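Residue-level structure breakdown
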Amino acid sequence: MDRWTSYLFQSHSEETLRNWARRLSLFRVFRAYGGHANDGDSLDVVFRYDNIEQLQAFLTSLGISLVRFDAAPPQPEPGVSYPGDVFMRFPSLIPGTRWLQQPGHSVVWGHKVFIWCNGETVRLSIHDGYYVTEACVAAAEVLETALAHCDLERIDPPVNTKNCICPQHYPEYFD
């Protein structure tokens, strides 16, 4: 077995990944880059939005209300080092907005979802710490039911890399 294949199946068997890939129609299994990236495995789906109104309508459909600040909130200064607890007090803002806070860690229909907007796309990620579990897949299946009727354009694959288990990179998983 080559190094990549060994890494890909380190946490879950090929059979498990195939099963998950076939069960999910919108979310894709993402295998962490690992190493110094300090990232984890996740289930991801990404949608493109054209304006803030579209984003707000989409998030409202998920039961998420965006926090809007009346004035520009304090932000970390480039080149200044902050203790972790101080840095965490700075709100993360959605790029291209007038002081809308990132949804971040959210609960959608009773399931933990991490939601991040980059100014033109919104990513929903499901994971259990650094891992994807059967419970994560079951949560994704529930969320897919409502997301299937989303008016936003889905970007597939959400990340164009072999770390993303999608039809483009692993067509045999989607037979």
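Residues numbered from 1 in each chain as written. Predicted model: local features only at pLDDT ≥ 70, side-chain atom pairs only at ≥ 80, totals over all residues. Heavy atoms only, no water.

Some words on the overall build of the protein chain
Put simply, the test is: A helix here means a DSSP run of H or I that spans at least four residues, while a strand means a run of E at least two residues long, and both kinds are numbered starting from the N terminus. The size measure is the radius of gyration over C-alpha atoms, and the globule rule it meets is 2.2 Å times the number of residues to the 0.38 power. Pairs of residues are marked as contacts when any of their non-hydrogen atoms sit within 4.5 Å.
Tallying secondary structure elements over the protein chain gives five helices and seven strands in all. Along the chain direction, N to C, the helices and strands of the protein chain fall in the order α-α-β-β-α-α-β-β-β-α-β-β. Relative to a compact globule of 175 residues, whose C-alpha radius of gyration would be 16 Å, the protein chain shows 17 Å and is just as compact. A principal-axis box enclosing the C-alpha atoms of the protein chain has dimensions of 55 × 40 × 25 Å. Contacts spanning at least 24 positions in sequence make up 60% of the contacts within the protein chain whose residues lie at least 6 apart.

A word on helix 5 (residues 134–147)
To be explicit about the condition: Between the first and last residue of a helix there are one fewer steps than residues, each counted as 1.5 Å, and that sum is the expected span. Note on classification: 1.4 Å probe, protein chains only; a residue is buried when its accessible area is under 20% of the maximum for its type, exposed when over 50%, partly exposed between these limits. Arc, as used here, means the arc of the directions from the helix axis to the C-beta atoms.
Between the first and last C-alpha of helix 5 there are 20 Å, a value that for 14 residues agrees with the 20 Å anticipated at 1.5 Å per step. All of the buried residues in helix 5 are Cys 136, Val 137, Ala 139, Ala 140, Leu 143, Glu 144 and Leu 147. One side of helix 5 carries all its buried residues, which in axial view fall inside an arc of 155 degrees. Exposed residues on helix 5 whose side chains face more than 90 degrees from its buried face are Ala 135 and Thr 145. Of the surrounding secondary structure, the elements contacted by the buried residues of helix 5 are helix 2 (14–23), strand 2 (42–48), helix 3 (52–61), strand 3 (104–108), strand 4 (111–117) and strand 5 (121–126).

Brief notes about the pattern of salt bridges
The cut-off we apply is this: Take a side-chain nitrogen of Lys or Arg and a carboxyl oxygen of Asp or Glu: if they are within 4 Å of each other, that pair is a salt bridge.
If you walk through the whole model with that rule in mind, you get nine salt bridges. Taking the shortest distance from any N to any O, the salt bridge between Glu 134 and Arg 23 comes out at 2.8 Å. Taken together, the residues span a long stretch of sequence, with Glu 134 in helix 5 and Arg 23 in helix 2 at a distance of 111 residues. The exposure class assigned to Arg 23 is partly exposed, which follows from its relative accessible area of 28%. Note that Arg 123 is salt-bridged to Asp 44, the shortest N-O span being 3.8 Å.

Quick notes on the environment of Pro 95
Inspection of the secondary structure puts Pro 95 in the loop between helix 4 (84–87) and strand 3. It is 26 Å that separates the C-alpha atoms of Pro 95 and Ala 148, two residues lying 53 residues apart in sequence. Those residues in contact with Pro 95 that sit more than four places away from it in its chain are Gln 102, Cys 117, Asn 118 and Gly 119.

Observations regarding the nonpolar core
Put simply, the rule is: In this text, buried Ala, Val, Leu, Ile, Met, Phe, Trp, Tyr and Cys residues form a nonpolar core when linked through side-chain atoms within 4.5 Å.
By size, the foremost hydrophobic cluster in this structure holds 42 residues, and its most contacted members are Phe 27, Leu 43, Phe 58, Val 122, Leu 124, Ile 126 and Leu 147. Of all elements in the fold, only helix 1 (3–8), helix 2, strand 2, helix 3, strand 4, strand 5 and helix 5 reach the threshold of two or more residues within this core. A total of six residues in this core trace back to one element, the largest contributor, which is helix 5. Sequence-distant contacts of Val 122, defined by excluding residues within four places in its chain, comprise Val 45, Val 46, Phe 47, Tyr 49, Leu 55, Phe 58, Ile 115, Trp 116, Cys 117 and Leu 152.

Points about unusual backbone geometry
Cis peptide bonds are those with omega within 30 degrees of zero, and the linkage from Asp 156 to Pro 157 qualifies with 5 degrees. A positive phi angle, close to 70 degrees, is found at Trp 99, a residue other than glycine. Summarising the element assignment, Trp 99 is placed in the loop between helix 4 and strand 3.

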